[in-house]
Amino acid sequence: MRTRNAALVGALCVGLSAVLTACGGTEDPDAGTNGVGKLEPAAIQDKARTAARGAQAVHLSGNIVSEGRTYRIDMRLKNNGGVGRVSSSGAAAFELLRVGDDLYLKAPAGFWSRGSSPSPTAKADPAAAAGKLDDKYVKVPADDPSYQQLKGFTDKNVLLDGLIGLRGKLARGAHGTVGGVRTIHVTGSGGAGGTLDVSLTGTPYPVRVQRAGGAGQLELGDWGKDFALAVPDKGQTVDYGKQLQIPGA
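Reference entry: report on the structure contained in this document. (Residues numbered from 1 in each chain as written. Predicted model: local features only at pLDDT ≥ 70, side-chain atom pairs only at ≥ 80, totals over all residues. Heavy atoms only, no water.)

Quick look at the overall build of the protein now. Across its full length, the protein carries six helices and twelve strands. Relative to its full complement of 249 residues, the protein shows a buried share of 41%. Here the contacts in the protein between residues at least 6 apart in sequence split such that 55% fall between residues at least 24 apart. For the protein, the exposed surface amounts to about 13000 Å²; the carbon and sulfur share of it is 50%. (Helix = DSSP H or I, 4+ residues; strand = E, 2+ residues; numbered from the N terminus. Buried < 20%, exposed > 50% of the residue type's maximum accessible area, 1.4 Å probe, protein only. Contact = heavy atoms within 4.5 Å. Areas by Shrake-Rupley, 256 points an atom, 1.4 Å probe, with all protein chains shown as cover.)

The following block contains the structure:
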């Protein structure tokens, strides 16, 4: 009887060994994936960077810490510009739109009234000036001190190159899921150098990034999904000279 039972169990194990763990084996976590989970961590990072650079568009959302300030961003980016929303602690949220080199900022009056008047001709009445800017697209002059900082939020390649590069010794972590997408986890310096979750489905896009030193976390999605991007109508814009003097910039 024992021999017969042992033979039956053995037969079951042979039949199910490819998909079950009951016979002492483990299910292959990379079965049915794009295979990057089996690569060395540096190669996984390179695959993710290449995929990100080759994508025509991406949606980023999360937090970025820069120069001691935490920014909440929700941006859609592609190679020739981007559009989205940025906010920071203790300040009103604002929208950014960039088409080529043309960069626009749209914010409520409360955002503008926090700092200096944005126009030399309106210094006598900052509140009135802020009211004129309320919910209008204000073109940011290229020589304004805040231009490069704000443009950085809309530059796909600059943002992605900075996000995907982990620091220190890289290590491949566990398999998991992010937003329902199967992923492989890569860390730099045990996590202190940042972490990267890369999709195991289809193209190996990065789907979540934690920046080194606690400098923020972002999720990335809608890879390659196009979106409308156009300069706003003249009726929606206000030109306030060569320097905006943006509050907090």
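Turning next to the nonpolar core. The biggest cluster of nonpolar side chains holds 44 residues, and the ones touching the most others in it are L96 and L105. Counting residues in each nonpolar core, the second largest holds seven residues, with A57, L97, Y104 and L229 among its members. (Core = buried A, V, L, I, M, F, W, Y, C linked by side-chain atoms within 4.5 Å.)

On to the side chain of T183. Tracing the backbone shows T183 in strand β8 (residues 181–188). Those residues in contact with T183, other than ones at most four positions away along the chain, are A174, H175, G176, T177, V178, D197, V198, S199, L200 and V207.

This part is about helix α2 (residues 41–54). The terminal C-alpha atoms of α2 lie 20 Å apart, and with 14 residues this matches the ideal 20 Å at 1.5 Å per residue to within 8%. Buried residues of α2: P41, I44, Q45, A48, R49, A51 and A52, and no others. Seen end-on, α2 carries its buried residues on one side only, within an arc spanning 165°. The outward face of α2, more than 90 degrees from its buried face, is lined by the exposed residues T50 and G54. Here the buried face of α2 lies against α6 (156–164), β7 (170–178), β8, β9 (195–199) and β10 (206–210). (Expected span 1.5 Å × (residues − 1). Arc of directions from axis to C-beta.)

Attention now goes to the sheet that holds strand β5 (residues 102–107). Through backbone hydrogen bonds, the strands of a sheet pair up, either in parallel or in antiparallel fashion. The strand order across the open sheet formed by twelve strands is β7-β8-β9-β10-β11-β1-β2-β3-β4-β5-β6-β12, and the pairing between neighbours is mixed. Each edge of the open sheet carries a strand with a single partner, namely β7 and β12 (237–238). Note that strand β2 (residues 69–78) and strand β3 (residues 81–88) share eight bridges and pair antiparallel. Among the inter-strand pairings, M75 is bridged to a residue of β3, identified as G84. The strands touched by α2 within the sheet are β7, β8, β9 and β10, with β7 carrying the most contacts at an inclination of about 55°. Of the strands in this sheet, β1 (57–66), β2, β9, β10 and β11 (216–221) touch α6, which is tilted by about 60° from β1. (Pairing = 2+ DSSP bridges. Axes fitted to C-alpha atoms, helices over the stretch in contact; angles between N-to-C directions.)

This paragraph deals with the pattern of salt bridges. With the rule as written, the count across this model stands at seven salt bridges. Taking the shortest distance from any N to any O, the salt bridge between D222 and R76 comes out at 3.0 Å. Within this pair, whereas D222 is found in the loop between β11 and β12, its partner R76 is found in strand β2, the two being separated by 146 residues in sequence. Residue class for D222 comes out partly exposed when judged on its relative accessible area of 31%. A salt bridge links K78 to D226; the nearest nitrogen and oxygen atoms lie 2.8 Å apart. Of this pair, K78 sits in strand β2 while D226 sits in the loop between β11 and β12; the two residues are 148 residues apart in sequence, bridging distant segments of the chain. Accessibility expressed as a relative area gives 13% for K78, which makes it buried. (Salt bridge = Lys/Arg side-chain N within 4 Å of Asp/Glu carboxyl O.)

This part covers unusual backbone geometry. Its identity is not glycine, yet S189 carries a phi of approximately 50°, on the positive side. As for its placement among the helices and strands, S189 is situated in the loop between β8 and β9. We classify S189 as partly exposed; its relative accessible area is 39%. Positive phi, close to 50°, is recorded for D222, a residue that is not glycine.

Moving on, we come to the pairing of strand β6 (residues 136–139). For a regular strand, the rule is simple: side chains alternate between the two faces of the sheet. The pairing of β5 with β6 spans four bridges and is antiparallel. Its bridge partner being in β6, L105 is matched across the sheet by V138.

Moving on, we come to the packing of aromatic side chains. If you walk through the whole model with that rule in mind, you get four aromatic pairs. Taking the centre distance of 5.4 Å and the plane angle of 50° together, the rings of F94 and F111 count as tilted. Of the two residues, F94 sits in strand β4 (residues 94–99) while F111 sits in helix α3 (residues 109–112), which places them 17 residues apart along the sequence. Taking the relative accessible area as the measure of exposure, F94 reaches 7% and is therefore buried. Its end group placed over the ring of F227, K78 keeps NZ or CZ at 4.8 Å from the ring centre. (Phe/Tyr/Trp six-rings, centres within 6.5 Å; stacked < 30°, edge-to-face > 60°. Lys NZ or Arg CZ within 6 Å of the ring centre and 35° of its normal.)

Moving on, we come to the environment of K106. Relative to the helices and strands, K106 resides in strand β5. On the accessibility criterion, K106 (14% relative accessible area) is buried. Considered as a pair, K106 and K139 are 33 residues apart in the sequence and their alpha carbons are 8.9 Å apart.

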